[in-house]
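Given next are the chains, with one letter for each unit.
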Amino acid sequence: MSLEVKGCRELQSEVIARDLCTLCGACVGMCPYLVAYRGRIVALDECNLAQGRCYAFCPRTSLDLDLLSQTVFGVPYAADELGTVQEIVIARARDEGIRSKAQFGGTVTALASFALDQGLIDSAVLTASDEDMLPSGTAAANAAQILGCAGSNFAAAPTLAAFNRHSAGDAQSIGVVAIPCQALALANMRASPLENRNNIDKLKLVIGLFCTWALRYEGLARFLAQKVPLNRIVRFDIPPPPANLFQVFTDSTRIDIPLDDVRPFIRPACDVCIDMTAEFADISVGAAEGVRGWNTLIIRSHAGRELVEAARAKGIIETAPLPEQNLAHLKEASLLKKKRGLRKVIETSGSEDDLLYLKLTSEAVKGLLS
Amino acid sequence: MTSITAYEPGASQLLMGNEAIARGALEAGVGFASAYPGTPSSEIIGSLAEVAGEMGIYVEWSVNEKVALEAAAAASFAGVRAIVAMKQNGLNVASDFLMTLNLTGTVAGLVLVLCDDPAALSSTNEQDSRPIAKWADLPLLEPATFQEAKDMTKWAFELSEEIKNVCLIRSVTRVSHARGDVRLGEPMPPGRQARFASTTVGQFTSMFVPVKHSLLHQKLNKTREIFESSPFNWYAGPEKPELLIVTCGSGWYYSLEAVKTLGLESSVGILKLGTTWPLPEKLVQQHLARTDKVLVVEEVDPFLEGNLKELVGDTFSALGPLTFYGKRSGHLPSFGELDPDRVMGAVSSVLGRERAAVDPEYAKKAQALTGGLVQARMIGFCAGCPHRATLWSVKNALKLDGRGGFVTGDIGCYTMGLGPTGFFQLKTTQAMGSGAGLACGFGKLGRLGFSQPVLAVCGDSTFFHAAIPALINGVYNQSNFTLIILDNSATAMTGFQPHPGTGASAVGEPAPKVDLEALCGSLGIRVEVADPFDLQDTTPKLLDLMQDDRGVRVLISRRKCALVRAREEKAAYKVRVDSEKCRGESCGCARLCTRVFQCPGLVWDSESQTAKIDEVICSGCGVCADICPASAIIREVA
């Protein structure tokens, strides 16, 4: 990596103190200093090392997108709307049981279980919520455990802390279900120039999730606790536009909250994000706008293509062509996020020459801002 | 330590100053002794406690200094000679009672020994106790030698009985804790029947205050007369010295050494005063008349200096012009300790002589002589100290909570929690119990925008001493804080004296054990108990208490002092480091155990670049095994 690797102190001053932390969890689980606690990364003590994996892996320190793209896909970074793409389809799980529990088409759950079943991975790191809807990473070794993690939480989760811990153990081939910043951090781990590596070589599959933003747990929890005891909540949903709602489900009721009421809890780190579709995953999955019960599925890597094709062949998932209009919308939404993110980066740094955590060619910046 | 009764009368023995004071009390036939431990005073009552049985006297560790003085005053009222000892901070606690006891007066001899700590070697202040003598109109004696420490104490009982009032003795660390030869007298059994008989109406009450105040002044005048011929005051030097040093207490040895080293015996005289309040005016004037230059040498405040100047002001026409040197003139500091070098500097400066410089290599030479014997180590908690473990959990809980919470503390071993081995957690340390008192106030600032969690810490002994009223205040006024009682089952910092929670008395007999949980629980508040060595349990418990955020909560963090454990129990674990697993300075550890946790039982081996256990120092608590991120510290049940 051509960019400078610093240590825990700089991680705190450049990322955490400036509210750029995405809470991906990449810095957690490797040392006794950094821990994740209720939506925050906390440094329990001063680590005095000049260079650390915490800084090197962070998706908000120094991102050389070309290097990451070369490392993950073997090609330079495609500074367009959706990153490296082999194919885009819509997909859903064939298993209705999975679909009924999942947010949209159950594609993620189905593919993760399938990868496990096929021995492509021996365990999967996913995000689960505790009884108070506090999300955190967990390692699953069977389909039932994977299904237990189905559904979206919307609060940011330090999932990669579980990857760091899990990969230090006996697991040999690990899949991760990651939101874009987490996929970026995993790519950072692969490209790390530090001698002291984590067990990133055990990473065999990254299933990315589309993401527009994630919420601060503590703020959200305090807000929701005024409406319903947290331990009664079973899931959240954000129905497609124009509903503009944040829905909270308990066993017996549904509470509709105007989306604008939860927007104040969006992590500031999401404002500078330029990746909506998890561009550094093997495959990326999101909602399929206007196609109820289906997912949009972007196949990016060779490994991703093999998995999807095998799953299709074995009847685990079914796919269909992505409607033209959907592709246009997807690109538009993704580009909008890039532009907003980049504008916010420049607004924060005060200069087009300082893109905080991004290394983008000036042409790419100009292209995005034009 | 040999008991103070083990020495034959007439023999000359090497005694610690505090032992000499205790022996003096025995030779005066003391019958009652009480104190709350406090460095540098603790050994006075401690050595009396050891001989209580054989001498037939009563000795107690009281719950605080005020109660100690009250209990001793009761003995005096009942005709039994009594002694109380306390450090300078303790006097503040006792002074409420003292400031009326002086008016009612005493019956049998009552001696109050005040041990000051110049330079605050073991204190939170370096308050000079002596002004209390002037304030309370009570006689003050200041021993300069170990012999005087004994003789003055014995005589103080006589004086107390002659004027029917408390007699004060002021010692300092270097008198109390150093040792010197003392020629001994005969210990006397108390031999008095205790009986309270108030003969005069209102004698021991607050009736007729102005009358009693006036009587007090008469007693002081009588004392002054007695002091005029006291053998504790003397002059040595030329008839007409160029410079007169007036000194007292520890200043005397320093002055003597300074004059001798400078070779000025023929031009500098020393007036050594043992009775410093009230001043024996005639004696002092007689010596002041020898010269026109006076240097006053004393620790800490210019107490004697001020009183001399006051006296000169009253008798200016008789004495003529005098120039005073000392603290006011800047020749000596009015803070910290004195030493011969500082006094030499002052004398040389006053006399306009070149100062005999100390060998610049002195410190190096001293270090070379002792370096091999003494290992350089910062001040901090012992290996296996439960306070380190508690403060580790406190640190982590506060960091995780993230609302800017902080710790208010007070006085005890855990005061060192303000430094690196307590992870700099204690943000305030003032008086006994003041951590809880401050927490009461912080916890009521909510309506003024305050939102930080407040943790107060106090030791078990300190809890009984002064934190209970603050805790009750917090409950009554509905404050918001968590009190952590660091229950190490000892008054550890002053030498493991028992206290109301330990189940033992000062003389080692079984005593009722006050139940901390029940006592706190009776206030109707949430009380939790944790074992600080169980980090997995203590940290979340603390977080939960902190985030409860309503009213006052108590966590009793209970684990015996490491030094007490070392005496009473065998080590729980045998601890070792697996050097294969130890990550050392690499990313993923960065020497957490030796750099941050800093237990002296863990040492960094720069050769192997791994941590290792110092088996001599390790107490086998096993806590470090829980903090090691690589599970490289192995603890096996010993």
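Residues numbered from 1 in each chain as written. Chains lettered and ligands numbered in written order. Predicted model: local features only at pLDDT ≥ 70, side-chain atom pairs only at ≥ 80, totals over all residues. Heavy atoms only, no water.

1. Focus: unusual backbone geometry
Residue and element names in this part refer to chain B.
- The step from Thr-39 to Pro-40 runs through a cis peptide bond, and the omega angle for that step is 10°.
- Mapped onto the fold, Pro-40 is located in the loop between β2 (32-35) and α2 (42-50).
- At the junction of Glu-299 and Val-300, the peptide bond is cis and its omega measures out at 5° in the coordinates.
- Here Val-300 lies in the loop between β13 (293-297) and α12 (303-314).
- Despite not being glycine, Phe-423 shows a phi value in the positive range, around 60°. (Helix = DSSP H or I, 4+ residues; strand = E, 2+ residues; numbered from the N terminus.)

2. Quick look at the pairing of strand β10 (residues 243-248) of chain B
All names here are of chain B.
- Among the six residues in β10, six count as buried, and that is most of the element.
- Both faces of β10 are covered, namely the face carrying Leu-243, Ile-245 and Thr-247 and the face carrying Leu-244, Val-246 and Cys-248.
- Summarising the sheet, β10 and strand β11 (residues 268-273) pair through six bridges and their orientation is parallel. Residue pairing across strands places Leu-244 opposite Gly-269, the latter belonging to β11. (Buried < 20%, exposed > 50% of the residue type's maximum accessible area, 1.4 Å probe, protein only. Pairing = 2+ DSSP bridges.)

3. As for the domain arrangement of chain B
All names here are of chain B.
- In terms of domains, chain B is made up of domain 1 (12-228), domain 2 (234-351), domain 3 (386-568) and domain 4 (573-637).
- Once you take the C-alpha centre of each, domain 1 and domain 2 turn out to be 27 Å apart.
- In this assembly, 29 residues from domain 1 lie in contact with 30 residues from domain 2.
- Interface area for domain 1 against domain 2, summed over the two sides, is near 2500 Å², with a carbon-plus-sulfur share of 55%. (Domains from an automatic or database assignment. Contact = heavy atoms within 4.5 Å. Buried area = accessible area lost by both parts, 1.4 Å probe.)

4. Comments concerning the pairing of strand β4 (residues 87-93) of chain A
Residues and elements named next belong to chain A.
- Of all the seven residues making up β4, five are buried; the element is thus mostly covered by neighbouring parts of the structure.
- As paired strands, β4 and strand β14 (residues 317-321) are joined by five bridges and run antiparallel to one another. Bridge pairing in β14 links Ile-90 to Ala-320.

5. Quick word on the domain arrangement of chain A
All names here are of chain A.
- When the domains of chain A are assigned, the result is domain 1 (8-216 + 266-369) and domain 2 (217-265).
- One C-alpha centre belongs to domain 1, the other to domain 2, and the line joining them spans 23 Å.
- Listed as interface residues are 19 residues of domain 1 and, on the opposing side, 18 residues of domain 2.
- Approximately 1700 Å² of surface area, both sides summed, lies buried where domain 1 meets domain 2, with 57% of it carried by carbon and sulfur atoms.
- Counting the surface domain 1 buries against domain 2, the share from its top three residues, Arg-38, Met-133 and Arg-216, is 34%.
- Between domain 1 and domain 2 we count two salt bridges in total.
- In this structure, Glu-218 and Arg-40 form a salt bridge, with 3.4 Å as the shortest nitrogen-oxygen distance.
- If you look at where domain 1 meets domain 2, you find 12 residue pairs in polar contact (both at pLDDT 80 or more). (Salt bridge = Lys/Arg side-chain N within 4 Å of Asp/Glu carboxyl O. Polar contact = N/O pair within 3.5 Å; in protein donor to acceptor, adjacent residues only side chain to side chain.)

6. Remarks on the sheet that holds strand β13 (residues 295-299) of chain A
All names here are of chain A.
- The eight strands lie next to each other as β6-β5-β7-β8-β12-β13-β4-β14, forming an open sheet whose pairing is mixed. Bordering the open sheet on either side are β6 (135-140) and β14, each of which pairs with just one other strand. Looking at each pair of strands side by side, their axes are set apart by 30° on average, direction ignored.
- In the sheet, β4 pairs with β13 via five bridges, with the strands oriented antiparallel. Pairing of Ile-90 across the sheet is with Thr-296, part of β13. (Axes fitted to C-alpha atoms, helices over the stretch in contact; angles between N-to-C directions.)

7. Some points on the pattern of salt bridges
Residue and element names in this part refer to chain B.
- Scanning all chains against the criterion turns up 53 salt bridges over all chains.
- Ionic pairing is found between Asp-128 and Arg-130, a salt bridge with its closest N-O pair at 2.8 Å. Arg-130 shares its class with Asp-128; the two are buried.
- Across the pair Arg-403 and Asp-549 runs a salt bridge whose closest N-O atoms are separated by 3.1 Å. Placement of Arg-403 in the loop between α16 (386-401) and β15 (406-409) and of Asp-549 in the loop between α20 (535-548) and β20 (552-558) is noted, with a sequence separation of 146 residues between them.
- Assessed through its relative accessible area of 31%, Arg-403 is described here as partly exposed.
- A relative accessible area of 34% places Asp-549 in the partly exposed class.

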